[in-house]
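# Examining the three-dimensional arrangement
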Amino acid sequence: MSRRVCATRASWCAASVTLFVLVSWTTTAFLVTKNLPWPIFLVDTPLGVKLLERLYTAPLVNFRHTVDIVLSVYDEPPQVLLSHLETCCPKDTCRVFIYTSFTESARRSHSHERQQRGAYTKDEWSAVVTNFTKDVDVVNNEWTGAEATGYMKHIVERYQDLAEVLVFAHGHVKSRHSRELCTAIQRGLGRLRDDVDLPIFVNINNWHQRRCVSRTRVRGQYATKELRDALYAAWHTLVSGDSVAEPARFTWECCAQFVTTRVSIRQRSHKAWSHMFDVMSQGTYGDGLVAGFLWEYLWPTLIDEYGNVGKATC
């Protein structure tokens, strides 16, 4: 009887079989792919970055939230950098904070050839007239040998006076690892969109391979077991002792320039950040309770631990 029905309704049977196959394939594809690390494919590739730029890059002048641009500067000419920021820092919604850390032993210096380098004082930075509000301070670069000192000082000392969105960047208009500063900032704010009430960490450097270390695996350029052990030890030093739960993994990209939010920073208390600042003050670039070079790898997890852990697998 069933054969007769199928014979008279062949088209309906064929359609049913086709639908069954399509549903089966779709279900199988979903089950196979749902746990893949899609951020790696969609963001952590040159193609992914270009797609995100096309989708989410918006001019800073149209950004509806208040913004603090926090810059760690070394030997950059103040007039060049601050004039550049005039193109992307609206005076009504944007403030600039300069943390100058030039010393003869400075490890980071991007703007000029060695023979053209010069130290600029706090007064020289302050003397440049800008339309936007700016504040200039001096930090001890010997603690970290990098941008982390200025970043951390800003978080601790301005904790109660943070804009909705914060940009942490190096004080050069352009370098090997990022586009022009205003372009990098616009890209980061475009990817942020209106998610200012959520914990988030947005890298604004050019694409570099993401690194990942966990207790069981390491993956990516320069990711080693020794680095993994140093990061976990640093975590317990910074986040109050051995009893605290560890991140499943640390994952990061070059080169410690990022956009985040006030909400992200305030997930950790002022006391917690102050403790980290105290630990930082006891270190040097390659030594101390937490060696200065480790901060580049720690920022994403310190600021958005849950979100960052999900950006890679290792």
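The structure displayed is predicted, hence computed values, not measured ones. (Residues numbered from 1 in each chain as written. Predicted model: local features only at pLDDT ≥ 70, side-chain atom pairs only at ≥ 80, totals over all residues. Heavy atoms only, no water.)

## Side note on the overall build of the protein
This is how the line gets drawn: Strands here are runs of E lasting at least two residues and helices are runs of H or I lasting at least four, both read from the DSSP assignment and numbered beginning at the N terminus. Contacts are assigned to residue pairs that have any heavy atoms within 4.5 Å of one another. In this description, accessible areas are obtained by the Shrake-Rupley approach with a 1.4 Å probe, and a residue is regarded as covered only by the protein chains that are shown.
Tallying secondary structure elements over the protein gives 13 helices and nine strands in all. Pairs at least 24 apart in sequence give 77% of the contacts found in the protein among residues at least 6 apart. Accessible surface for the protein amounts to roughly 16000 Å². Of this, 55% is attributable to carbon and sulfur atoms.

## Side note on the side chain of Asp 304
Going by this rule: Relative accessibility under 20% of the residue-type maximum defines a buried residue, over 50% an exposed one, and the middle range a partly exposed one, all with a 1.4 Å probe and only protein chains included. When charges are counted, Lys and Arg contribute as positive and Asp and Glu as negative, whereas His and the chain ends are disregarded. Every case where a carboxyl oxygen of Asp or Glu lies within 4 Å of a side-chain nitrogen of Lys or Arg is listed as a salt bridge.
With respect to the element layout, Asp 304 can be found in the loop between helix H12 (295-303) and helix H13 (305-309). Here Asp 304 sits buried without a salt bridge, and the closest side chain of opposite charge, Lys 311, lies 5.3 Å off (N-O distance).

## Comments concerning the packing of aromatic side chains
The criterion, for reference: Each pair of aromatic rings taken from Phe, Tyr and Trp, with Trp reduced to its six-membered ring, is defined by centres within 6.5 Å and is described as stacked if the planes are under 30 degrees apart, edge-to-face if over 60, and tilted in the remaining cases. In this scheme, the term charge over a ring applies when either NZ of a lysine or CZ of an arginine sits within 6 Å of the ring centre and within 35 degrees of the ring normal.
Enumeration over the complete set of coordinates arrives at 13 aromatic pairs. Ring geometry for Tyr 232 versus Phe 250: centroids 4.9 Å apart, planes at 75°, classification edge-to-face. In this pair, Tyr 232 is assigned in helix H9 (residues 225-238) and Phe 250 in strand E8 (residues 249-252), connecting sequence segments 18 residues apart. An angle of 75° between the planes, with centres 6.5 Å apart, marks the rings of Phe 293 and Tyr 297 as edge-to-face. Residue classification places Tyr 297 among the buried residues on the basis of a relative accessible area of 17%. Taken together, the ring pairs in this structure connect Tyr 151, Phe 168, Phe 201, Phe 258, Trp 273, Trp 295 and Trp 299 into an aromatic cluster. Above the plane of the ring of Tyr 232 lies Arg 215, whose end atom (NZ or CZ) is 4.0 Å from the centre.

## What to know about unusual backbone geometry
Residue Cys 255 is bonded to the preceding Cys 254 through a cis peptide linkage, with omega at 15°. Along the chain, Cys 255 turns up in the loop between E8 and strand E9 (258-261). Even without being glycine, Tyr 222 reaches a positive phi, approximately 70°. With respect to the helices, strands and loops of the structure, Tyr 222 is situated in the loop between strand E7 (218-219) and H9.

## Topic: the confidence of the model for the protein
Put simply, the rule reads: Each residue carries a pLDDT value, the predictor's own confidence for that position, ranging from 0 to 100.
In this model, the protein carries an average pLDDT of 80, and 72% of its residues clear a pLDDT of 70 or more. Note on residues 28-45: pLDDT is under 50 here. Beyond four places in sequence and across chains, it has 25 contacts. Every residue in residues 47-59 is under pLDDT 50, and counting partners more than four places away or in other chains gives 23 contacts.

## Digging into the sheet that holds strand E4 (residues 165-170)
Short version of the rule: DSSP-based pairing: two strands are paired if at least 2 bridges between them are found. Every axis in this analysis is a line fitted to C-alpha atoms, fitted for helices over the stretch in contact. Angles between the N-to-C directions lie between 0 and 180 degrees.
Spatially, the six strands line up as an open sheet ordered E3-E2-E1-E4-E9-E5, and their pairing is mixed. Either end of the sheet is taken by a strand with one partner, and the two such strands are strand E3 (133-138) and strand E5 (201-203). When strand polarity is set aside, the average angle formed by the axes of neighbouring strands in this sheet is 20°. Note: E4 against E9, four bridges, orientation antiparallel. Paired with Val 167 across the strands is Val 259, a residue of E9. Relative to the sheet, helix H8 (residues 181-192) contacts strand E1 (67-73), E4, E5 and E9, its axis offset from that of E4 by approximately 145°.

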